[in-house]
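Chain by chain, the residues run as shown.
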Amino acid sequence: MHCYSRFLGKIHLRARTVHSCALHFTTFLSKRAALLPQLPSAMSQIRSSYGKFDNIQVLRGVAALAVVMCHAWQTNLQYTSGLSRVPHSLVEYLVSGVDLFFVISGFVILYTTQKSRLSAKDFAIRRAQRIVPMYWLLTIVFFAVLLFMPQLKSAEINNWTKFLASLTFTAGVFGLGNPVIYPGWTLEYEMGFYVLTTVTLLVLPKRPWPVVAIALTVLQMAHWVIPPALDSLSFEFATNRIILSFLGGIVVAQLALEGRPGIVEGGAFLIGLISAIVEDPTQRAVMYGLPSALVVYLAVKSRSTWGNRWFVKLGDASYAIYLVHVFLIALVGKVSRSISPTLDADLLAIVMLLMPIAAGLLLHQWFELPVSAAFARRRQLHESKAALGTA
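Quick look at the structure, then. (Residues numbered from 1 in each chain as written. Predicted model: local features only at pLDDT ≥ 70, side-chain atom pairs only at ≥ 80, totals over all residues. Heavy atoms only, no water.)

1. Some thoughts on the packing of helix α5 (residues 97-116) against helix α8 (residues 184-203)
For the record, the criterion: To obtain each axis, a line is fitted to C-alpha atoms, and for helices this fit is confined to the stretch in contact; angles are then taken between N-to-C directions over 0 to 180 degrees. Secondary structure is summarised from DSSP: a helix means a run of H or I of at least four residues, a strand means a run of E of at least two, and numbering begins at the N terminus for each. An angle below 35 degrees is read as roughly parallel, one above 145 as roughly antiparallel, one from 65 to 115 as roughly perpendicular, and any other as oblique. Handedness of a helix crossing follows the sense of rotation of the near helix relative to the far helix, less than a right angle counterclockwise being left-handed and clockwise being right-handed. Residues count as neighbours in contact if any of their non-hydrogen atoms are within 4.5 Å of one another. Here the term charged refers only to Asp, Glu, Lys and Arg, the term nonpolar to Ala, Val, Leu, Ile, Met, Phe, Trp, Tyr, Cys and Pro, and the term polar to all other amino acids, Gly among them.
Orientation of α5 relative to α8, taken along the N-to-C sense of each, is 20 degrees, at an axis distance of 11 Å. Comparing the axis directions of α5 and α8 gives the class roughly parallel. α5 and α8 meet at a crossing whose hand is right-handed. Where α5 approaches α8, its residues V98, F101, F102, S105, G106 and I109 are matched on the opposing element by W185, T186, Y189, E190, F193, Y194 and T197. Considered class by class, the residues forming the contact of α5 with α8 number eight nonpolar, four polar and one charged.

As structure tokens, this is what we get:
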């Protein structure tokens, strides 16, 4: 009996040992599985970055539509003998969509860098991945079309210097005027804002925004202190008052995150705004930039979504819509003039509006989403490998 008890005790001890080993092995596997990359679908990867800020996407769509409508109703009378019933003052105000874009950009850049704690390198890479692929694709395609059909655009666009400057976002910096894709002039300001943010993150990774705010304010006030003899197209580009809208977005993001703006950032924005009012109270920094900042703040603080999912989808595709709209508006106008030169001007403008929306939605679905998802998968694989290596 004693031998039998000892035998059962050994079996029980070994069973406990096997169970313990199995438990440790299972825990080990579960930890490793948690570190392996999860590769969601393209749509879920893109949607996950929006979180509760669907209203920001709605505003992106509104900004894109405003700019497209502005150019459609500004251009329609060039291609038809009909008259438009839309007031000219309303059409002119729609250009404020650009200012709204810049405020949204300032908001998103601060919010994402604060929440994700991105390094300067990661920030620069993600911004380039967001902006460059589609812009390069359309610049190359558009330039190729112009080489074979120069009648579509002025000769100044059909040269290699302008092409290279467009690809490097430096047409305005070097005083070459607008890039190959006309809306690209705003992207050059965006890239300038990204470069400024990247350099500041590199030097002051914990508190970059006071320096960014001061730099933006000093730049847009520089023409007050620089002698007129040094004025140039490059100088005008760098000191355009429109860059104050980026700072407006930064201040709005701080209000959303912390309940109040930073002392330096808020003060710099106030100084820039006062200087703009003193110089000319009707300029766009005052007429468009300030209202845009207010709208973005209200959108972020709202507890409900402004519009339905279709408005959000327009916001998702706003970048593609914005880039293709000038070319398609001109194309629709030329085709319309050859078919019916007396077409109703407002009807023509509506067609000019709908074509970029349709093309932008398709381009977003077939190009922008797959490219963004590919970059996201690559980033996850890299992060997972790094995590496995340090685990």
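2. Some points on the pattern of salt bridges
Applied cut-off: Any Lys or Arg side-chain nitrogen found within 4 Å of a carboxyl oxygen on Asp or Glu counts as a salt bridge. Note on exposure labels: buried denotes an accessible area under 20% of the residue type's maximum, exposed denotes more than 50%, and partly exposed covers the range between, all computed with a 1.4 Å probe on protein chains only.
Throughout the structure, instances matching the rule amount to five salt bridges. The salt bridge involving D346 is made with R85; its shortest N-O contact spans 3.4 Å. Of this pair, D346 sits in helix α16 (residues 345-390) while R85 sits in the loop between α3 (54-75) and α4 (88-93), and the two are 261 residues apart along the sequence. Of the charged contacts in the structure, one is a salt bridge between R241 and E279, with a shortest N-O distance of 3.1 Å. With R241 in the loop between α10 (233-238) and α11 (244-258) and E279 in helix α12 (residues 263-279), this residue pair connects regions lying 38 residues apart in the sequence. Judged by its relative accessible area of 36%, E279 is partly exposed.

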